[in-house]
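Fold and contact review
Read off the chains here:
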Amino acid sequence: MVVGILSRRRSLYTTRRLAESALRLGHEARVLNPLHCVLVLSRRAPEVYYRGLESRVSDLDVVLPRIGASITEHGLAVVNQFDMMGVPLVNNSQPIARSRDKLRSLQLLARAGIDIPKTVMASDPTQIHRALEIVGGPPAVLKVVKGTQGIGVILAETEQAALTVLETFWNLGMNILVQEFIEESEGRDVRAFVVGDRVVTAMRRQASIGEFRSNVHRGGTGMVVELEESYRRAALEASARPRARADMSLKIGGREIRRGTVEQIHLKASEYYTATPVNVPVIVIRGAERGPTLFLTAAIHGDELNGVEIVRRVMTGYNAQQIRGTLICVPVVNRVGFLTHTRYLPGRRDLNRYFPGDPLGNAAARYAHALFTEIVTRSRYGVDLHTASLGRTNLPHVRADMASRDVRKLARAFGTEIIIDSPGPPRTLRHAATAAGVPTIIFESGETFRFQRNMVARGVAGVRSVLAVLGMTTDHRKEPRFRVIVKVSEWVRSVKGGIADILVRPGEIIYAGEEIASITNPFGREVSMVRSPLTGLIIGITTMPMVNPGDAICHIAKLEKTLATVETFCVTDSRGKKMLLA
Ligand SMILES: [Zn+2]
């Protein structure tokens, strides 16, 4: 194959590397300077001549454009000419032109629902104050709309500095973007290279010390990285053809859901042996306006009911005009267990250990597969609602993998005081969805077989806050009084078998050495006193007094630095115990 590389100099590092790779793969590489290409247009087929009109370029099998910003216009004309000649191009002129225009790029990314820094295009000095306010600055980043290699990118630390810089640029007739400064990026960014629908490689760039721009041309360094799933997905979404996405329809269970409608769907997840389908009820609220898609699931464990009521209250609270994007609600995921009053699917299979499922696997794996393909992969984010398992109760809290930026955003948005930082067991809905690029959190509250009013109210408020933070509604986000991100939690177990008198409640602070439960035998004699090995907050307890040796009695979130904070939000009860105010 003859590979044409459009580049001004064959000695440029990137050009040289591309040519070397082509040779190594057994191809011929030819570097063509776009400025030396002569374009001939006539009634017959379009032609390209190189260095004068003597040699016609006719034998290229593919063209890799490397068009420098300084010759964009001429370069793109050459690219278009090859396109018209039917020569395959790695990128044609439209994406190259779009990538050169930072404002246009942001518009396209925003329309596709991709997370971008807040950006304002300001055009006169009276707007500066408000523009800085919108992007949460100062500091704020100022960018020339058409700039590359980090030139024309300035960090303005104060409003006065921003004003000075902007006035200079405006006087030169340049358009400037005022952009949110992402401090936590710490001068790092990630570049992903997408070919077709695959991320082929990625690099992390790190700015040199004292520099916030990570461009290699500004002294930054680069290294190869393995991309986290959410990054991979963002890269694929950002590079997908915009038209295809704009027309993307939403289909669930074979049913088309139009914008601005609410649909009720019976999603077939399995079959009963009575030759009737196991239909899972799905309610989709698809707003007229574009925005993210969030799934909301409950009763994946058929006996955990608080979530069923949380979903009902959330979904009946909005119509299609009040939602931007799409809310997919599944109030009863495990319909079989819900009907038979159990956590499980038949055969005591825990549905929440079979995701993402398998169309050829056992009954639970197939059930999980149907839900994963029809609900999870159609979504951008997810919230899964649980209670403690049978015989236990939980303080309301969120569980989330705080190592992932998007999951962190959801977890904080939910607004609970307690977040347990963990990726969750493998093959849970949360774990599998997050791994597939659909950041998902779970909300835990209360116990099985009940609708607990206060637990439901907290769940509803949390989901509504998530919708607000994702820009899906105009509600306000919920801010907790304090926030503890729990890294370590421990189940305290009974050493002896017996009948337990539990002395603690969820929401109580327990100090190392304090009593948790007195275990007596049926003759009435105390055989053991369970004491806490650590200081922390009680986030779950057993509600069943019958304990075997090794049974979990109480779940404690370890508190260290945050202990004092939590104590200030507690009241002291008649037994002298410190308890969080509800
Ligand atoms: Zn559960």
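The coordinates are above.
All of the points below concern the structure found in this document.

Here is what the cut-offs are and how they apply
Residues numbered from 1 in each chain as written. Predicted model: local features only at pLDDT ≥ 70, side-chain atom pairs only at ≥ 80, totals over all residues. Heavy atoms only, no water. Phe/Tyr/Trp six-rings, centres within 6.5 Å; stacked < 30°, edge-to-face > 60°. Lys NZ or Arg CZ within 6 Å of the ring centre and 35° of its normal. Patch = residues over 30% accessible without salt bridge, like charges linked within 9 Å, V, L, I, M, F, W, Y side chains within 5 Å. Areas by Shrake-Rupley, 256 points an atom, 1.4 Å probe, with all protein chains shown as cover. Salt bridge = Lys/Arg side-chain N within 4 Å of Asp/Glu carboxyl O. Lys, Arg positive; Asp, Glu negative; His and termini not counted. Charge placed at Lys NZ, Arg CZ, Asp CG, Glu CD. Helix = DSSP H or I, 4+ residues; strand = E, 2+ residues; numbered from the N terminus. Polar contact = N/O pair within 3.5 Å; in protein donor to acceptor, adjacent residues only side chain to side chain. Contact = heavy atoms within 4.5 Å. Buried < 20%, exposed > 50% of the residue type's maximum accessible area, 1.4 Å probe, protein only. Donors = N, O, S within 2.8 Å, 3.2 Å for Na, K, Ca; no water. Tetrahedral: all angles 85-135°; square planar, octahedral: opposite > 155°, others 65-115°. Axes fitted to C-alpha atoms, helices over the stretch in contact; angles between N-to-C directions. Parallel < 35°, antiparallel > 145°, perpendicular 65-115°, else oblique. Left-handed = near helix turned anticlockwise from the far one by under 90°. Nonpolar A, V, L, I, M, F, W, Y, C, P; charged D, E, K, R; others polar. Pairing = 2+ DSSP bridges. Core = buried A, V, L, I, M, F, W, Y, C linked by side-chain atoms within 4.5 Å.

So, on to the packing of aromatic side chains. This structure, assessed with the given rule, holds three aromatic pairs. The aromatic ring of Tyr-381 is capped on one face by Arg-380, whose charged end is 4.8 Å from the ring centroid. Note that Arg-392 overlies the ring of Trp-491, its terminal NZ or CZ placed 4.4 Å from the centroid.

Together, Arg-104, Arg-111, Arg-259 and Arg-290 make up a region of like positive charge exposed at the surface. Tracing the sequence through the fold places Arg-104 in helix H4 (residues 102-111).

Its place among the elements puts Asp-406 in helix H12 (residues 405-414). Within the structure, Asp-406 has its side chain in polar contact with the side chain of Arg-380 (distance 3.2 Å). In this view, Asp-406 contacts Asp-115, Ser-230, Arg-380, Tyr-381 and Pro-439; residues no more than four positions away in its chain are not counted.

Turning next to the pattern of salt bridges. Counting across every chain of the model gives 30 salt bridges. Across the salt bridge formed by Arg-531 and Glu-515, the nearest N and O atoms sit 3.5 Å from each other. Of the two residues, Arg-531 sits in strand S29 (residues 526-531) while Glu-515 sits in strand S28 (residues 515-520), which places them 16 residues apart along the sequence. Accessibility expressed as a relative area gives 33% for Glu-515, which makes it partly exposed.

Octahedral metal centres with six donors ideally show angles of 90 or 180 degrees, and tetrahedral centres with four donors ideally show 109.5 degrees. The protein atoms that coordinate the zinc ion are His-301 (ND1), Glu-304 (OE), Glu-304 (OE) and His-386 (ND1), at distances spanning 2.1 to 2.4 Å. In this structure, the zinc ion is coordinated by four donor atoms arranged in irregular fashion, with angles at the metal of 56 to 149°. Here the donor residues for the zinc ion map to a single chain with the spacing H-x2-E-x81-H. With Glu-304 in the loop between strand S18 (289-298) and helix H9 (306-316) and His-386 in strand S20 (residues 381-386), the pair connects residues that are 82 residues apart, well separated along the chain. His-386 shares its class with Glu-304; the two are buried.

This part covers the packing of H12 against helix H14 (residues 453-469). For the pair H12 and H14, interaxial distance at closest approach is 7 Å and the crossing angle is 130°. The orientation of H12 relative to H14 falls into the category oblique. Our pair here, H12 against H14, has a crossing hand that is right-handed. The segment H12 lies against H14, with Leu-410, Ala-413 and Phe-414 engaging Arg-458, Gly-459, Gly-462, Val-463, Ser-465, Val-466 and Val-469. Its residues assigned to classes, the contact of H12 with H14 shows six nonpolar, three polar and one charged.

Let's shift gears to the pairing of strand S7 (residues 119-122). Because side chains alternate across S7, one face comprises the buried residues Val-120 and Ala-122, and the other comprises Thr-119 and Met-121, none of which is buried. In terms of strand pairing, S7 meets strand S10 (residues 176-180) through four bridges, oriented antiparallel. Bridging from a neighbouring strand, Met-121 pairs with Leu-177 of S10.

To continue, consider the sheet that holds S29. The four strands are arranged S29-S28-S26-S31 in an open sheet whose pairing can be described as antiparallel. Single-partner strands in this sheet number two, and they are S29 and strand S31 (546-547). Two elements, S28 and S29, share five bridges in a ladder whose sense is antiparallel. Residue pairing in the sheet places Thr-520 in a bridge with Glu-526 of S29.

The subject of this paragraph is unusual backbone geometry. Cis geometry is found at the peptide bond from Phe-355 to Pro-356, where omega equals 10°. Tracing the backbone shows Pro-356 in the loop between helix H10 (335-339) and helix H11 (363-374). Positioned with a positive phi, His-341 is a non-glycine residue whose angle comes to about 60°. Of note, the phi angle at Arg-348 is positive, near 55°, even though the residue is not glycine. Position of Arg-348 among the secondary structure elements: in the loop between H10 and H11. Looking at Arg-348, the relative accessible area reads 63%, which means it is exposed.

Moving on, we come to the packing of H9 against H14. In the contact formed by H9 and H14, the axes pass within 9 Å of each other and the chain directions differ by 50°. With respect to H14, the axis of H9 lies oblique. By crossing handedness, the relation of H9 to H14 is classed as right-handed. Here H9 contributes Asn-306, Glu-309, Ile-310, Arg-313 and Val-314 to the contact with H14, which in turn contributes Arg-453, Met-455, Val-456, Gly-459, Val-460, Val-463 and Leu-467. Class assignment of the residues belonging to the contact of H9 with H14 gives a composition of seven nonpolar, two polar and three charged.

Glancing now at the nonpolar core. Judged by nonpolar contacts, the single largest core of 34 residues is most densely connected at Leu-294, Val-314 and Ile-441. Once residues within four sequence positions are removed from consideration, Leu-294 is found in contact with Thr-326, Leu-327, Ile-328, Ser-379, Tyr-381, Gly-382, Val-383, Val-466, Leu-467, Leu-470 and Met-472. In terms of nonpolar packing, the next biggest core, distinct from the first, is built from 33 residues, Leu-250, Val-280, Leu-345 and Tyr-367 among them.

Attention now goes to the sheet that holds strand S4 (residues 47-50). With antiparallel pairing, three strands are arranged side by side in an open sheet as S3-S4-S5. This sheet does not close on itself; its edge strands, each paired only once, are strand S3 (37-40) and strand S5 (55-56). For S4 and S5, the ladder comprises two bridges, and the chain directions are antiparallel. Among the inter-strand pairings, Tyr-50 is bridged to a residue of S5, identified as Ser-55. Helix H2 (residues 72-84) rests against S3 and S4 of the sheet, and its axis sits at about 55° to S3.

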